[in-house]
Amino acid sequence: MNGASRIVAVLGPTNTGKTHYAIERMLGHRTGVIGLPLRLLAREVYDKIVAIRGPSVVALVTGEERIVPPRTQYWVCTVEAMPEGMGTDFVAIDEIQLCADPERGHVFTDRLLRMRGTHETLFLGADTMRGPIAALVPQAQFARRERMSQLVYTGSRKISRMPPRSAIVGFSVENVYAIAELLRRQKGGAAVVMGALSPRTRNAQVALYQNGEVDYLVATDAIGMGLNLDVNHVAFSSLSKFDGRRMRPLAPNELAQIAGRAGRGMSDGTFGVTGEASPMDEGVAQAIMDSRFTPMKKLNWRNAALRFGSVDALIDSLEASPDNEHLVKARPADDLNALKSLAQVPEVAARAGDGPSIRLLWDVCRIPDFRGISNAEHASLLESIFGHLHERGTIPEDFLARQIRRIDRTDGDIDALSKRLAYIRTWTYVAQRNGWVRDESHWRAETRAVEDRVSDALHECLTQRFVDRRTSVLLRRLKQKEALLAEVNDKGEVTVEGEFVGRLEGFRFIPDKSAQGTEAKALKSASLQALAPQFHLRADRFYNAPDTEIDFTDQGGLMWGEYAVGKLVAGAEPLKPMVEVFVDEAAGPEVEQKVQRRLQHFIDRKIAALFEPLLNLSRDEELTGLAKGFAFRMVEALGILPRAGVAQEVKDLDQDARGALRKHGIRFGQFTIFMPLLLKPAPTRLRLVLWALANGLQEFPEAPPPGLVTVPVAKGAPEGYDTMCGYRNAGERSIRIDMLERLADMLRAEDSRGGFEAKADMLSITGMTLEQFADLMQGLGYKAERGERTKIKPAQPTEQPPAATAEAPAETAEAEAQSDLAVAAEAPAEATDSTEAEAEATAADPASDEPEVEVFYTFTWGRQANRGPRGDQRQGRSKPGGKPRDGRGKPQGKKGGKPQGAKTFSSRPPKKEKAIDPDNPFAAALMGLKDGN
C-alpha cells in the first residue's frame with residue numbers, strides 16, 4: 001500500500017474542475033495515465049488532450065477501443081483497462097468514490113491501493129472518501145476544492161414546463177425513451193445519452209444538444225460521471241433505481257453526483273424532480289445543495305493476488321476476504337460467475353489443466369456481458385471462445401467473420417440496432433485483446449467499422465424518433481427572435497426554413513397533421529409568424545382577382561378556386577347578405593378587411609347580375625299604391641309567389657297596376673306569380689342560398705338538377721323549398737311552375753265538371769306516364785277515376801295534310817302574355833298517349849284474336865270550396881237555376897245566343913281604353929281576343 005510518489009486526494013463536489021486539474025497536472029509530466037469511470041468520458045478526455053498535444057503521443061485504451069501510437073506518452077483509459085507496471089510519472093483515478101459501488105467498486109479499490117505514479121498520484125472524487133483514503137493510504141495529502149457555482153433545489157415541475165437546457169434523468173431504457181417521446185411532442189425533441197451507447201452515437205446525440213438543435217437531454221445516471229455538458233437544470237424522473245438485484249432508493253451523494261451536472265463553470269444550476277417522482281425530502285435537498293453527505297466507511301474489495309494452480313484455487317483466491325476493517329468483500333461479479341459456470345463444463349475443466357490455460361480461461365471470463373441476455377447465454381459464448389483460443393491459439397477467422405456478418409446490418413428499429421451494437425461490442429472487445437485474432441489490425445478495423453455503421457444508424461433512428469427537427473428549428477429561431485423565411489408553392493404547401501410545416505388553404509394555415517398536442521401548437525405559432533408576409537401578398541392577389549375565380553357553394557360558402565375563404569351570413573334583407581371571412585388571426589386586420597371587402601363586392605355584383613329584374617322592380621319609383629306594395633312582396637319572396645297566398649292582393653290590383661308590374665317581367669299565372677327570368681338555374685341556385693340564410697336554416701337544401709320538368713318531391717324539405725326551386729309539389733312529384741302554367745292553359749279548355757281525359761300534349765309537356773300524370777293531377781286538386789275499356793284499333797291513316805282548326809280557343813286576359821316566357825327549353829315531346837302505344841302493339845300482332853284492354857283516367861275538379869284551379873267558378877260550374885256554360889266554363893246566352901260577360905262595378909268612371917300598340921309582339925293575339933269579344 002505504500003508508495004514513494006506524491007499522493008494527493010483532490011476531493012469536492014461536482015463542478016469544481018477536478019478532472020481539468022488532473023489533465024493539467026498530467027501534461028506537466030513527461031508520461032502519465034488517467035483512469036476514468038466510463039468509456040464515454042475517456043473518449044471526451046482523450047479528445048481534449050489530443051487537441052492540446054496531438055494524436056501521436058496520446059493513447060486511448062478501453063475495453064472496446066485501443067488507439068496506441070508508437071511514441072505514446074499519455075494514456076487515457078477506463079479504470080478496468082489501465083495498464084499495470086508501466087512506471088509512468090503520473091497516475092490519476094477519477095471518481096474514486098466508486099470504490100463503494102457494488103458492481104465495479106473492487107476495481108477502483110484495487111487502483112486506489114496499488115496504482116501509483118513515480119512522481120505524482122491523484123485521486124479525484126467526493127469528500128465522502130476522505131476517511132477511507134486516510135485509513136488505507138496514510139501518506140495521502142488532501143486538497144479541498146469548492147464548487148464554482150451554486151446548486152439550488154426548485155422542487156417538482158412538469159415536463160411540459162421544463163426550462164430549456166435541461167437534462168431529465170431516467171434509470172431504465174424504457175423510462176428514457178418515454179420521456180424523450182414526450183419531449184418530442186411538447187418541445188420539439190431531445191437528445192438521448194446512455195452508457196450503453198457507443199462513443200460515436202453518444203457524441204452525435206450530445207452534439208444535437210450542445211449545438212442547440214434541441215434544448216433537452218434525456219439520460220441515464222451515466223451523465224453523473226464527469227460528462228461536461230451545457231446543462232442548467234437537472235430533473236429526476238425517479239429517485240430509485242434497479243442496481244442489478246433489487247430496486248433501491250438513491251443515496252443523497254448519488255443524487256448529488258447527477259444533480260451536480262447542472263451549472264457549469266461560474267453559472268449556477270438548479271435541480272428538481274418531474275414525472276411520477278415524489279418531491280425530495282427537505283433534508284436530502286439541503287444536503288445536496290450544501291454538499292454534506294455521510295462519509296463512506298467501507299470499500300468493496302476483491303483479492304488481486306490470484307492463484308492459477310487450478311480453477312478451484314483461482315475461485316478460492318477470488319473469494320478471499322479482506323483483512324482490513326475498511327474493506328468488505330465484493331459480491332460475486334459477472335466474471336466470477338462466468339468462471340464458476342464454465343468450471344462445471346467437463347470439456348472446459350479438461351482444457352484448463354495448467355496455469356497458462358487457467359489464465360486464458362480467466363481472461364475469457366472477463367469479457368463483459370454487453371448483450372445482457374442471460375448468464376447461460378453469456379457462458380455459452382465464452383465457452384466457444386475459450387475452446388477456439390485453447391485449441392488453435394486464435395479465434396478462427398471464418399467463425400469471427402460469420403459472427404460479424406450477422407451483426408453488420410443497419411435496418412430495424414432502435415431496439416434492434418441497440419442489440420446489434422451490444423453484440424458488436426463483444427467482438428470489438430475480443431479483437432482488442434492481444435493475440436486473440438490472427439490479423440489484429442484488420443479485425444479491429446472491421447469491428448470498429450461495423451460498430452460505427454450501427455452507431456450511425458442508431459443515432460439516426462434515435463433522432464428520427466425523438467427529435468422533430470422541424471419544430472426544434474422553428475422554436476430555436478423564434479427564441480433567437482430571428483425572422484423566419486416562409487415559402488408557399490403553387491400547391492399551397494408551406495415550408496419554413498426549408499421544413500414542411502403544412503398547407504395554406506385560402507387565408508387559413510392548416511398545420512401538418514403529423515404534429516400533435518403541444519408540438520402542433522408550437523409549429524402553428526412559428527409558422528403563422530413566418531407566414532405574415534405571405535398573407536399580405538396573397539390578399540393583394542385575391543383583391544385583384546376577377547369574379548370568375550370566386551364562387552359560392554350551395555351551403556353559402558365562398559370559394560377562391562378550391563379553397564374556402566368565407567361564408568355568407570344573413571343581412572338586414574334577403575338580397576343584402578353579409579360576408580364572414582376565413583382568415584387566420586395572425587394575418588392581421590388589414591388582410592381580413594381586404595378579403596372581406598373583396599367578397600362583399602363579389603356577392604353584391606352576383607346578386608345585381610342574377611336578380612336584375614327584381615332589383616329594377618324594387619327601385620321603380622313610378623309604382624304606387626297597391627302595385628308598389630305587391631312589388632315589395634315580390635322582392636321579399638325573391639321573385640316567386642304562390643297565387644293562393646296573395647289571392648286577395650292580386651284581386652285588388654287593377655289592370656293598370658298589373659300592366660305596370662308586367663313591364664318588369666312579372667307573370668300572373670293561374671297557380672304562381674313569378675318572374676320567368678329568375679327561373680334559370682343560376683338565379684335559382686343563388687335564390688335558395690339567400691332564402692336559407694334569411695330563414696336561418698342550419699343545412700341549406702340544394703337546387704334540383706337543371707332542365708327537368710318534374711322532379712321527385714323532396715322529403716323532409718323545409719316549407720317553401722319547392723317554390724324557391726321554381727317548382728310546385730303535386731302528388732309524389734314537383735312540376736316546374738312555368739310548365740304548370742302551360743298545363744293550366746290546356747286544362748282551361750276541358751270540361752272539369754263532366755270529366756275529361758289526358759291529351760297527348762299534356763303528357764308531353766310534363767314528360768310523364770299516364771299513371772304519373774294522374775298522381776300529378778290529384779296533387780293539383782283533381783279527382784282521377786281509373787277505368788278500363790276495349791281498345792279500338794285505329795284505321796290506317798292516309799297521308800293528308802292536317803285540317804286547320806276552324807277556331808282557336810280564345811285566351812283569357814290572364815294568359816295574354818304566355819309567349820313571353822323565355823326560360824328553360826320545353827320537355828321532350830317523346831311521351832305519347834299510352835293508348836296509341838298499345839294500339840301499335842296490337843297492330844304488330846295480327847294473330848291476336850283477344851280484344852285488347854286499355855287503361856284510362858277521367859279527371860274532374862275535386863275541390864268543393866273552390867272548384868276551379870283559379871279559385872273562381874268558370875271551370876264548367878253552373879249554379880242551380882243559373883245560366884248554362886260552355887265547355888270552357890263560359891256563360892252561354894239563351895238558346896246558344898251570344899255569351900254575356902260578367903257585370904263589373906267600379907266607384908270611378910270607366911277609363912278610355914288604350915289603343916293596341918302595333919309593335920307589340922302580342923298585338924295579333926290581342927286583336928283576336930278583342931274581336932272575339
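A large share of strand E7 (residues 120-125) lies buried, amounting to six of its six residues. The alternating pattern of E7 places Glu120, Leu122 and Leu124 on one face and Thr121, Phe123 and Gly125 on the opposite face, and all of these are buried. Bridge analysis of strand E6 (residues 90-93) against E7 gives four bridges, and the strand direction is parallel. Across the sheet, residue Ile93 finds its bridge partner in E7, namely Phe123.

Charged atoms that come close allow side chains of opposite charge to pair. In the structure shown here, the tally under the stated rule is 52 salt bridges. Between Arg402 and Asp398 there is a salt bridge, with its nearest N and O atoms 3.9 Å apart. On the criterion of helical spacing, the pair formed by Arg402 and Asp398 is a turn pair, its members being four residues apart in helix H14 (residues 397-407). Given the relative accessible area of 38%, Arg402 is considered partly exposed. Between Arg420 and Asp411 there is a salt bridge, with its nearest N and O atoms 3.6 Å apart. A residue is classified by how much of its surface remains accessible, and Arg420, at 11% relative accessible area, is buried.

Here we take up the packing of aromatic side chains. Tallied over the full model, the rule gives 13 aromatic pairs. Three or more aromatic residues link up through ring pairs in this structure, and these residues are Phe756, Phe773, Tyr782, Tyr857, Phe859 and Trp861.

What follows deals with the packing of helix H12 (residues 355-365) against helix H13 (residues 375-392). For the pair H12 and H13, the least separation of the axes is 10 Å and the interaxial angle reads 145°. Between H12 and H13 lies a crossing whose hand is right-handed. Side by side, H12 and H13 meet where Ser357, Leu360, Leu361, Val364 and Cys365 of the first sit next to Leu382, Ile385, Phe386, Leu389 and His390 of the second. Looking at the contact of H12 with H13 residue by residue, the classes come out as eight nonpolar, two polar and no charged.

The pairing of strands in a sheet happens through backbone hydrogen bonds and is either parallel or antiparallel. Strand order across the open sheet formed by three strands is E27-E29-E28, with antiparallel pairing between neighbours. Bordering the open sheet on either side are strand E27 (640-642) and strand E28 (667-668), each of which pairs with just one other strand. Of the strand pairs in this sheet, E28 and strand E29 (residues 672-674) are connected by two bridges, and their pairing is antiparallel. Counterpart to Phe668 in the pairing with E29 is Ile673. Sheet contacts for helix H21 (residues 625-636): E27, E28 and E29; angle to E27, the most-contacted strand, approximately 105°.

Taken across its ten residues, helix H3 (residues 105-114) has nine buried, putting it largely inside the fold. Of all the residues in H3, the buried ones are Gly105, His106, Val107, Phe108, Thr109, Asp110, Arg111, Leu112 and Leu113.

So, on to the sheet that holds strand E2 (residues 32-36). Strand order in the open sheet made by the eight strands is E4-E3-E5-E2-E6-E7-E1-E8, with mixed pairing throughout. Two strands in the sheet have a free side with no partner beyond their single neighbour: strand E4 (66-67) and strand E8 (141-144). Looking at chain direction, strand E1 (residues 6-11) and E7 are connected through six bridges and run parallel. Considered in E7, the bridge of Ile7 is made with Thr121.

A separate point is unusual backbone geometry. Although it is not a glycine, Arg165 adopts a positive phi angle of roughly 60°. By relative accessible area, which is 11% here, Arg165 ends up buried.

Running from amino to carboxyl end, helix H5 (residues 173-187) crosses helix H16 (residues 440-466) at an angle of 55°, the nearest separation of the two axes being 8 Å. Viewed along their axes, H5 and H16 adopt a mutual orientation that is oblique. Here Tyr177, Ala180, Glu181 and Arg184 of H5 come into contact with H16, specifically with Leu462, Arg465 and Phe466. Looking at the contact of H5 with H16 residue by residue, the class counts come to four nonpolar, no polar and three charged.

Our next topic: the environment of Glu446. Relative to the elements of secondary structure, Glu446 occurs in helix H16. Distance from Glu446 to Trp427, taken between C-alpha atoms, is 9.9 Å for residues 19 residues apart in sequence.

Here we come to the side chain of Arg39. When you line up the elements, Arg39 lands in helix H2 (residues 39-53). On the accessibility criterion, Arg39 (9% relative accessible area) is buried. In this structure the side chain of Arg39 is engaged in a polar contact, spanning 2.8 Å, whose partner is the side chain of Glu451. Residues contacting Arg39, with those up to four places away along its chain left out, are Thr62, Glu64, Glu65, Thr78, Ser198, Pro199, Arg425, Arg448 and Glu451.

On to the environment of Arg538, then. Within the secondary structure layout, Arg538 lies in helix H18 (residues 517-543). Using a relative accessible area of 10% as the deciding quantity, one classes Arg538 as buried. C-alpha of Arg538 to C-alpha of Gly506: the two residues are 32 residues apart in sequence and 8.4 Å apart in space. Excluding residues that lie within four positions of it along the chain, Arg538 makes contacts with Val488, Leu504, Gly506, Phe507 and Trp560.

What follows is about helix H6 (residues 199-210). In an α-helix, one turn spans 3.6 residues; hence positions three or four apart end up facing the same way. Along its twelve residues, H6 runs 15 Å from first to last C-alpha, staying within 8% of the 16 Å computed at 1.5 Å per residue. All buried positions along H6 are accounted for by Pro199, Thr201, Arg202, Gln205, Val206, Leu208 and Tyr209. Looking one or two places after H6, you find Gly212, whose phi comes out positive at around 85°.

For the rest of this paragraph, the subject is the nonpolar core. Counting residues in hydrophobic clusters, the biggest one holds 67 residues, and the most contacted among them are Phe507 and Phe630. With sequence-adjacent residues up to four places away left out, Phe630 is seen in contact with Leu641, Val646, Glu649, Val650, Leu653, Leu661, Phe668 and Ile673. Listed in part, the 63 residues of the second largest apolar core include Leu339, Leu342, Leu382 and Ala431.

This next bit is on the side chain of Thr394. Within the fold, Thr394 resides in the loop between H13 and H14. In this structure, Thr394 is in contact with His388, Leu389, Gly435, Trp436, Val437 and Arg438, ignoring residues within four places of it in sequence.

Attention now goes to the confidence of the model for the protein. For the protein, per-residue confidence averages 83 on the pLDDT scale, and 82% of positions sit at 70 or higher. This stretch, residues 801-844, has a pLDDT under 50; its non-local contacts, to residues over four places away or in other chains, come to 66 contacts.

Scoring rules and cut-offs
- Residues numbered from 1 in each chain as written.
- Predicted model: local features only at pLDDT ≥ 70, side-chain atom pairs only at ≥ 80, totals over all residues.
- Heavy atoms only, no water.
- Buried < 20%, exposed > 50% of the residue type's maximum accessible area, 1.4 Å probe, protein only.
- Helix = DSSP H or I, 4+ residues; strand = E, 2+ residues; numbered from the N terminus.
- Pairing = 2+ DSSP bridges.
- Salt bridge = Lys/Arg side-chain N within 4 Å of Asp/Glu carboxyl O.
- Phe/Tyr/Trp six-rings, centres within 6.5 Å; stacked < 30°, edge-to-face > 60°.
- Axes fitted to C-alpha atoms, helices over the stretch in contact; angles between N-to-C directions.
- Left-handed = near helix turned anticlockwise from the far one by under 90°.
- Contact = heavy atoms within 4.5 Å.
- Nonpolar A, V, L, I, M, F, W, Y, C, P; charged D, E, K, R; others polar.
- Parallel < 35°, antiparallel > 145°, perpendicular 65-115°, else oblique.
- Polar contact = N/O pair within 3.5 Å; in protein donor to acceptor, adjacent residues only side chain to side chain.
- Expected span 1.5 Å × (residues − 1).
- Core = buried A, V, L, I, M, F, W, Y, C linked by side-chain atoms within 4.5 Å.
- pLDDT = per-residue confidence, 0-100.

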